[in-house]
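Analysis of the macromolecular model
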Amino acid sequence: MERRKFLKNSTTVTAGLISAPILASCGREKTTVAPIQDSKTVLPIVICTWNFENASARAWEVLSTGGTALDAIEQGVMVEENDVNNQTVGKGGRPDRDGNVTLDACIMDKDGNCGAVLAMQHIANPISVARKVMEDTPHVMLVGKGAEQFAYEKGFKKVNLLTEKSKAEWLEWKKTSKYKPIINIENHDTIGMLAIDENGDIAGGCTTSGMAYKMAGRVGDSPIIGAGLFVDKEVGGATATGVGEEVIRTVGSFLIVELMRQGKSPQEACVEGVKRIMAKNEGRNDFQIGFIAINKKGETGGYCIQPGFTYRTYSKEGHVNNPSNSFLGT
Ligand code: GLY
């Protein structure tokens, strides 16, 4: 029996309320699940970092036809992984300083199950490999060659992730960089996505090629559960974009979910998360971090250190690009 496959129990949806089902699992305590919906709920809904219109539209397609939040996340972020014009996610991503494209991703479901791949090369869809880690192994994280090997065993094809465009830019960078990675505040296209489906089930995913021209082996926040992503069906979820080192130091996404648990709105929680980071970096304005969050009612929020941050929301109420205030001004 797969360790983290939960036995489906009696989830029934009545008049906008989900009855509290009892989940049983192999190797886990039985858990009573709190209802996720109430009369104010706007579900289903998906939100993602930045203005990723195609990714959120794909996720919405899944949700609006009765699909699960988990499938919406995988299908949604995969759009960016496959877009070679997006140079910070998936194929086409900028390489590390040695010219190797390494990808990071994680995924988390309503039951706290999660999977991640770190510094994986030659595989175009790390989010799907992360899901396989979650569903088909007893582990949470696979890294480097191990992740790649696992992907081949699961039928993923070996591909060249370095496009001519990213290669040419890297070669240009090498001419003046003295081989030093620098903080790149423009590295802002990591996609983090959170979704709640019509059953009230929540899931999240985060995928990136990481910091451009990073040192070989460097991994940021995006595949780290609690840092780049965290979801908890009792509360909601959060995900991050920007300089991963700072997000890891604050366990940012977990922090934001915990702040929501204490009663803050998603917006208030994102603001507080950014403020905590800035308090540790007094006087600095050379890096960027943005958080987005959703609570179990479907209320959303987003906040960033640098100006110019937006996040996208897709629900029955519309398809909205939400400009967000920032710590350093709008
Ligand atoms: N947030 C992406 C990274 O730091 O790698």
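Presented here is an overview of the structure given in this document. Only a predicted model underlies this, so the values are computations on that prediction, with no experimental measurement involved.

Rules used throughout
Residues numbered from 1 in each chain as written. Predicted model: local features only at pLDDT ≥ 70, side-chain atom pairs only at ≥ 80, totals over all residues. Heavy atoms only, no water. Near = heavy atom within 4 Å. Polar contact = N/O pair within 3.5 Å; in protein donor to acceptor, adjacent residues only side chain to side chain. Areas by Shrake-Rupley, 256 points an atom, 1.4 Å probe, with all protein chains shown as cover. Pairing = 2+ DSSP bridges. Helix = DSSP H or I, 4+ residues; strand = E, 2+ residues; numbered from the N terminus. Axes fitted to C-alpha atoms, helices over the stretch in contact; angles between N-to-C directions. Phe/Tyr/Trp six-rings, centres within 6.5 Å; stacked < 30°, edge-to-face > 60°. Buried < 20%, exposed > 50% of the residue type's maximum accessible area, 1.4 Å probe, protein only. Parallel < 35°, antiparallel > 145°, perpendicular 65-115°, else oblique. Contact = heavy atoms within 4.5 Å. Nonpolar A, V, L, I, M, F, W, Y, C, P; charged D, E, K, R; others polar. 1 Å grid on protein atoms, 1.4 Å probe; cavity = no way out; pocket = protein on both sides within 12 Å on 5 of 7 lines; lining within 4 Å. Points joined across faces, edges and corners; volume = space filled by probe spheres on them.

**Notes on the site of the ligand**
In the region of the ligand, the neighbouring residues are Thr190, Gly210, Met211, Arg218, Gly220, Asp221, Ser222, Gly242, Val243 and Gly244. One of the side-chain N or O atoms of serine 222 is found 3.5 Å from a nitrogen atom in the ligand. Between glycine 242 and the ligand, the recorded distance is 2.6 Å, taken from a backbone N or O atom to a nitrogen atom. Isolated, the ligand exposes 200 Å² of accessible area, and the fraction of that covered by the protein chains is 100%.

**What to know about the sheet that holds strand β7 (residues 114–120)**
Strand order across the open sheet formed by eight strands is β8-β7-β6-β10-β9-β5-β15-β16, with mixed pairing between neighbours. Every interior strand has two partners, whereas the edge strands, β8 (141–143) and β16 (318–323), have only one. Neighbour to neighbour, the strand axes of the sheet diverge by 10° on average, direction disregarded. Taken together, the five bridges between strand β6 (residues 103–108) and strand β10 (residues 202–208) define a ladder with antiparallel strand orientation. Counterpart to cysteine 106 in the pairing with β10 is cysteine 206.

**Side note on the packing of aromatic side chains**
Going through the model one piece at a time under the given rule, you end up with four aromatic pairs. Their ring planes at 85° and their centres at 5.0 Å tell us that tryptophan 50 and phenylalanine 309 sit as a pair that is edge-to-face. Residue tryptophan 50 is located in the loop between β5 (45–49) and α1 (53–64), and its partner phenylalanine 309 is located in the loop between β14 (300–304) and β15 (310–315); the two are separated by 259 residues in the primary sequence. Like phenylalanine 309, tryptophan 50 is buried. With a centroid separation of 4.6 Å and 25° between ring planes, the pair formed by tryptophan 173 and tyrosine 213 is classed as stacked. You can see tryptophan 173 sitting in helix α5 (residues 164–177) and its partner tyrosine 213 sitting in the loop between β10 and β11 (229–232), a full 40 residues away along the chain. For the pair tryptophan 173 and tyrosine 213, one class covers both residues: buried.

**A few points about the packing of helix α3 (residues 126–136) against helix α4 (residues 144–153)**
It is the contact of α3 with α4, at a shortest axis distance of 10 Å, that shows an interaxial angle of 85°. Considering the angle they form, α3 stands roughly perpendicular to α4. Contacts between α3 and α4 involve Val129, Lys132 and Val133 from the former and Ala147, Phe150 and Ala151 from the latter. In terms of residue class, the contact of α3 with α4 is made up of five nonpolar, no polar and one charged.

**Structural notes on empty space enclosed by the protein**
Counted by the stated rule, this structure contains two cavities of 30 Å³ or more. Estimated volume of the second largest cavity: approximately 50 Å³. Lining the second largest cavity are twelve residues; nearest its centre among them are Gly210, Arg218, Asp221, Ser222 and Gly242. Per-class residue counts for the lining of the second largest cavity are one nonpolar, eight polar and three charged.

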